[in-house]
Amino acid sequence: MDDSELPEQAPARDTVLVAAFEGWNDAGGAATAAVLHLVEQLSATKVADIDPEEFYDFQVNRPVVATEEDGSRSLTWPTTTVAVVTLGDRRLVLVHATEPSMRWRTYCTELLRIADGLDVGTVVTLGGLLADVPHTRPIPVTATSDDPTTRALLDLPSSEYEGPTGIVGVLQSAARAHGLRSFSVWAAVPHYVAHGPSPKATLAILSRLEELLGLTVPLGDLVDDARAWEDGVDVLAREDEEIAEYVGQLEAAKDAVDLPEASGDAIAREFERYLRRREDGKGDGPGRPDGPAA
């Protein structure tokens, strides 16, 4: 895209880029669903995309052909879409893409060039990973940062992960080298229901984003979808004795670890979220203790 195509808008208190990528970083589709939820619920405006020609192996990520309502045929290529919206006094730059197949450093350079044109000060990457967690409990969400300034501002730990990384890790590194604040938010998706959608994990990611960015996100049907998803997995688990027994073991292990969280800081965070939603007039009320809210 040409620089002249970038919108001329006064920067908000802090413009935050929120990015999620389909593929290796996106268990259950939870992360990309969170970005698409923000785009749809906030009616974000598309301002840019990145030509996929340099960055994708089209035998791995194939273009999709479809028939439109008027009978015409269309071809959609895997690409990176950048949309912008202002929520309160903060501007969000929402990035949705499939993880590129190649030239990741060049890709990140191009994405950060667009970010510069939109006065981005903070880069947030979202992810989902498969884990030994029960679907009946709040979805664990981890927020970390390798940027000392961000860790101090948001009281976040640094990541302790070592091993292969995806485009999310590369973009985080590139953002830090570019002088931007950055952090990452990951939801743990129950591995026995690995296929998306995973609305409960998406809801957990958005709830954590609300806390970290001081925003109130309209949830639409997401709360109901998360409850329906949990009920559906309950039915599947009851039909398989081995899975039911395994879920029971996961529940016992999770409850033993999280028992101290039943009071104190956890209750305070939930109450603060409820008050913020009521203030903004967009609330769904406080989450049930046994409900899908994380």
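Above this note sits the structure.
Now for a description of the structure that goes with this document. Note that the structure is predicted; figures quoted are calculated from it, not measured. (Residues numbered from 1 in each chain as written. Predicted model: local features only at pLDDT ≥ 70, side-chain atom pairs only at ≥ 80, totals over all residues. Heavy atoms only, no water.)

1. Examining unusual backbone geometry
Part 1 of the reasoning: Cis rather than trans, the peptide bond between Gly196 and Pro197 has omega equal to 0 degrees.
Part 2 of the reasoning: For Pro197, the location among the structural elements is in the loop between β9 (181–190) and α5 (199–213).
Part 3 of the reasoning: A positive phi angle, close to 55 degrees, is found at Arg103, a residue other than glycine.
Part 4 of the reasoning: Secondary-structure assignment places Arg103 in the loop between β6 (90–98) and α2 (104–117).
Part 5 of the reasoning: At Asp155, a position not held by glycine, the phi torsion is positive, near 55 degrees.
Part 6 of the reasoning: Locating Asp155 in the fold gives a position in the loop between α3 (148–154) and α4 (167–177). (Helix = DSSP H or I, 4+ residues; strand = E, 2+ residues; numbered from the N terminus.)

2. As for the nonpolar core
Part 1 of the reasoning: The biggest cluster of nonpolar side chains holds 39 residues, and the ones touching the most others in it are Val18, Leu92, Leu94, Val124, Leu126, Val185 and Ile205.
Part 2 of the reasoning: Breaking this core down by element, the ones donating at least two residues are β1 (15–22), α1 (30–41), β5 (80–87), β6, β7 (120–131), β9, α5 and α6 (222–238).
Part 3 of the reasoning: Ranked by residue count, the leading element in this core is α5, at eight residues.
Part 4 of the reasoning: What Val124 contacts, discounting residues up to four positions off in sequence, is Val16, Leu17, Val18, Ala19, Gln172, Phe183, Val185 and Leu209. (Core = buried A, V, L, I, M, F, W, Y, C linked by side-chain atoms within 4.5 Å. Buried < 20%, exposed > 50% of the residue type's maximum accessible area, 1.4 Å probe, protein only. Contact = heavy atoms within 4.5 Å.)

3. Quick look at the packing of α2 against α4
Part 1 of the reasoning: In contact at an axis separation of 10 Å, α2 and α4 are set at 55 degrees when each is read in the N-to-C sense. It follows from the interaxial angle that α2 and α4 lie oblique. In this structure, α2 crosses over α4, and the sense of that crossing is right-handed. Every residue of α4 that contacts α2 at Trp104, Tyr107, Cys108, Leu111 and Leu112 is listed here: Ile167, Val170, Leu171, Ala174 and Ala175.
Part 2 of the reasoning: Class assignment of the residues belonging to the contact of α2 with α4 gives a composition of 10 nonpolar, no polar and no charged. (Axes fitted to C-alpha atoms, helices over the stretch in contact; angles between N-to-C directions. Parallel < 35°, antiparallel > 145°, perpendicular 65-115°, else oblique. Left-handed = near helix turned anticlockwise from the far one by under 90°. Nonpolar A, V, L, I, M, F, W, Y, C, P; charged D, E, K, R; others polar.)

4. Topic: α5
Part 1 of the reasoning: Taking 1.5 Å per residue, 15 residues should reach 21 Å; α5 reaches 21 Å between its end C-alpha atoms and fits that length.
Part 2 of the reasoning: Most of α5 sits out of view: 13 of its 15 residues are buried.
Part 3 of the reasoning: One or two positions beyond α5, positive phi appears at Gly214, with a value near 65 degrees. (Expected span 1.5 Å × (residues − 1).)

5. What about the packing of α1 against α5?
Part 1 of the reasoning: Axis separation between α1 and α5 bottoms out at 8 Å; the angle between their running directions is 65 degrees. The handedness of the crossing between α1 and α5 comes out as right-handed. For the pair α1 and α5, contact is made by Ala30, Ala31, Ala33, Ala34, His37 and Leu38 and by Ala201, Thr202, Ile205 and Leu206, respectively.
Part 2 of the reasoning: Per-class residue counts for the contact of α1 with α5 are eight nonpolar, two polar and no charged.

The quantities given are spatial measurements derived from coordinates; they are silent on function.
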